[in-house]
Structure formats: structure tokens, C-alpha cells
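Notes for the structure review
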Amino acid sequence: MRQIDIAYRTMFAELAQRSLDAQFKADFPLEGRFVTVPVKGKDYWYFDLPTPGSKDKRSYVGPHSDPEVTARVNAHKEIKDDIRERRRLVGTLKRSAGLEGPDAFAGDITKALAEAGLFRLRAVLIGSVAFSCYAGLLGVRIPSTAMQTGDADFAQDFAISAEVGDSLPPVLDILQAIDPGFRAVPHQADKAKVAAFVNGKGYRVEFLTGNRGSDEHSGKPSPMPALGGASAENLRFLDYLIYEPVRTVLLHREGVSVNVPAPERYAVHKLIVASRRLTDALGRAKRDKDVLQASLLFEALAETRQSDLLADAYREAWNRGKSWQDGIMAGLAAMPDKGKETLAAAMGTTMEEVGKGLI
């Protein structure tokens, strides 16, 4: 695994910045105004847009304590949209730097949801579409075979969804604008709730949230007030994955500003996910992709001198208890030796000790 040239790493960072700035301007027109609103003892930015004949429309912006959000609020009038230049940057990064973007359909789905406000509402892109962002984010070339996918997954913390006081337009309307064949899939445990949508070709868009720690929520969808009528599937281990996500850009069209899991958390989480796959042919194929992605991110983090972040993320997951440890060990058992060697080096131990759960 090799790092890309510093010029392309700088270009990727510039694209990420420009894409976030452009999305910010699209979300918040110049005729509106930003206001600070206290919520449960903390200050948040909201945006009031004048609406003729009715009350101002109020939209959630972000935490007042987030310096990036506050800086954009202060510089709002200076932000300029430059779609053509951003498309040029995306093309250069893909052609000349060898970076990969998502497949076009996944990119269009993500772009539509981003423009509707999904990531402003602190949702996180996860799964293989998110994985396609890590090459540029880390500044390394990652094989495109590890990025193939047939679905798009998005996650949001339940508490955030309940507290932001804002919402997407109806999700089904957003998706049908991309493909009229999309339909809602009623949840098996509660037919009145929808956490997934599928089109005529079987492409699936799903919303997920972390298990809220109570058996009463297990296997049931959670209502998500911010997700435009969609609910979310409760999944164990997801809270670890989406804790403190990072902002980056998806290399699609003029660039799509997204939130993705921190790469070290994504890698460790994939070990656990791999251990929970079914044992049929499809399940084995997904497991192989899980451990490949984890292994490649282990190598990428080592190549970019971020092994300390990987070690911290690994120890945090390991210390969460036996079910976490069992999942990690089962995932490691299926991982190529190169990935295990890289993890062992990050942990300051040997591959044999890691394989025995000795950290």
C-alpha cells in the first residue's frame, strides 16, 4: 500500500472543504439568519428563513461548540459555489491520483440525501459507500474490489434524531426522485414502521441506529423524528462505529460532503460484523469483504503513521466485554495474515498473541 502524492492529498482536502462550504450555502440561503438556541443546557446554532405569510422556517445547523460550524456561520456571506471547479478536482483525483468513487447510483442516492439535509442532521454514511472515502481521507490507494456494494446504509444516533428539532423531507420522495421504482419495506417486527427502501433491481437503502441497551428495543425499529418519516433498525455495536464521525467528501459528480465513521473504528467494527455473517454463500462473500476492508484499513493507518489511533480503537472495543471480544476474535480468524501482522505491530505485540486475544 502506497501513499498518494502530497499534491493530490492537498487537492482532496481542498475539495472536501469546498464541498462542505457549498453544501452549507445551499442549506442556508443568504436571506436567512443564524440564531443561538439553548437545548438541555447546551447552545446550538439554528437558521431562521423568512417565509412570506407565515412563521420563519427554523432549521438545525449544529453545535455552537463545534468550531467548524461556527466559522461557517461567521463566514456565511463569503462562501461561493464553484461546481465546475469541484467537478474538475473530482476528475483529477479519480484519473490522475487513482482514487475511487462510489458507483454512480450509490453516489446519486447519497448526494440526494445530502442535499436534503441528512448529514447536516448529523447522520453518518456507513458500509462500503463510506469505505470508498477512506483512500482520499487517508491519502493512500485502496483496491477498488474492496468497495463493491449493492446497497447504501446510513446511521443516526437516536438521541440526536429526537433532539435536533428538524427533519428531512419524506425519504421515499427523495429516493423516488432518483428512481421512481423505490418502495418502502415495512419492518417485520412492526409493519407500520419503515427502516429500508428497495427499488426494482433490489438496490436497498437502509437506516440504522445503535441498540439503546434495553431488550424492549431489540429486533424492533426505532422511530427517528429527523429522518423524514423513516425509522431505523436497532443494531448492536453501532454506537461504537458512529461515535465522533469525521467529515470528508465522496468523489461523485462535484463532490458530496458526508460524515463517515473514523477509519480506525470502521476497521475494528468490520471484524465484529464479519463474525456475525450467515454461513451461506452470500454471507461468506460479505464476511470476506468485511475482513478485507478491515485489513486494508489496518495497513492504511500504519502507512500513514496512525497506528496509535488503531490501537486505541481496538482496546476500546475489546474492553467492552466478552461478546465484543468473541466477535473480534472470530473476525481475526478469517483475516489475512498481513492484516493480523499490521494489527499486532500497532498493538506492540506478536501476531500469535493477538490471535490468542492477548493485548
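See above for the structure.
Cut-off values and rules
- Residues numbered from 1 in each chain as written.
- Predicted model: local features only at pLDDT ≥ 70, side-chain atom pairs only at ≥ 80, totals over all residues.
- Heavy atoms only, no water.
- Helix = DSSP H or I, 4+ residues; strand = E, 2+ residues; numbered from the N terminus.
- Buried < 20%, exposed > 50% of the residue type's maximum accessible area, 1.4 Å probe, protein only.
- Phe/Tyr/Trp six-rings, centres within 6.5 Å; stacked < 30°, edge-to-face > 60°.
- Salt bridge = Lys/Arg side-chain N within 4 Å of Asp/Glu carboxyl O.
- Pairing = 2+ DSSP bridges.

A word on unusual backbone geometry
With the exception of glycine, the majority of residues adopt a negative phi angle, and the majority of peptide bonds are in the trans configuration. Of note, the phi angle at Glu244 is positive, near 50°, even though the residue is not glycine. Note on placement: Glu244 falls in the loop between α9 (238-241) and β11 (246-250). We classify Glu244 as exposed; its relative accessible area is 55%. We note that Arg253 has phi near 50°; this positive angle belongs to a residue other than glycine. Relative to the helices and strands, Arg253 is located in the loop between β11 and β12 (256-260).

A word on the packing of aromatic side chains
The description of an aromatic ring pair uses the distance of the two centres, along with the angle that the planes make with each other. Applying the stated rule across the entire model yields 19 aromatic pairs. With centroids separated by 6.2 Å and ring planes inclined at 45°, the aromatic side chains of Tyr44 and Tyr60 adopt a geometry described as tilted. Of this pair, Tyr44 sits in strand β2 (residues 42-49) while Tyr60 sits in strand β3 (residues 57-63), and the two are 16 residues apart along the sequence. Residues Tyr44 and Tyr60 agree in their burial class; the two are buried. Where Tyr240 meets Trp324, the ring centres are 5.6 Å apart and the plane angle is 75°; that geometry is what we call edge-to-face. Of this pair, Tyr240 sits in helix α9 while Trp324 sits in helix α13 (residues 322-333); the two residues are 84 residues apart in sequence, bridging distant segments of the chain. Trp324 matches Tyr240 in its accessibility class, with the two residues each being buried. Grouping aromatic residues by their ring pairs yields a cluster made of Phe24, Phe28, Phe34, Trp45 and Phe47.

Observations regarding the pattern of salt bridges
Taken as a whole, this structure holds 28 salt bridges when the rule is applied. Its salt-bridge partner being Arg58, residue Asp48 comes within 2.7 Å of it at the nearest N-O pair. Highlighted residues: Asp48 in strand β2 and Arg58 in strand β3, separated in sequence by 10 residues. Using a relative accessible area of 5% as the deciding quantity, one classes Asp48 as buried. According to the relative accessible area criterion, Arg58 is partly exposed, its value standing at 41%. Residue Glu206 is joined to Arg204 by a salt bridge in which the shortest nitrogen-to-oxygen separation is 3.5 Å. Where salt bridges share partners, they join Glu14, Arg18, Asp82, Glu85, Arg86 and Arg88 into one cluster.

Quick notes on the pairing of strand β7 (residues 190-198)
Two elements, strand β6 (residues 183-187) and β7, share 5 bridges in a ladder whose sense is antiparallel. Bridge assignment links Ala184 to a residue of β7, and that residue is Phe197. Between β6 and β7, which pair antiparallel one after the other, the connecting turn spans 2 residues. As paired strands, β7 and strand β8 (residues 204-210) are joined by 3 bridges and run antiparallel to one another. Of the residues in β8, the one forming a bridge with Val198 is Arg204. Connecting the antiparallel pair β7 and β8 is a turn made up of 5 residues, with Gly202 showing a positive phi of about 85°.

Function-wise, these values are silent; they only describe arrangement.
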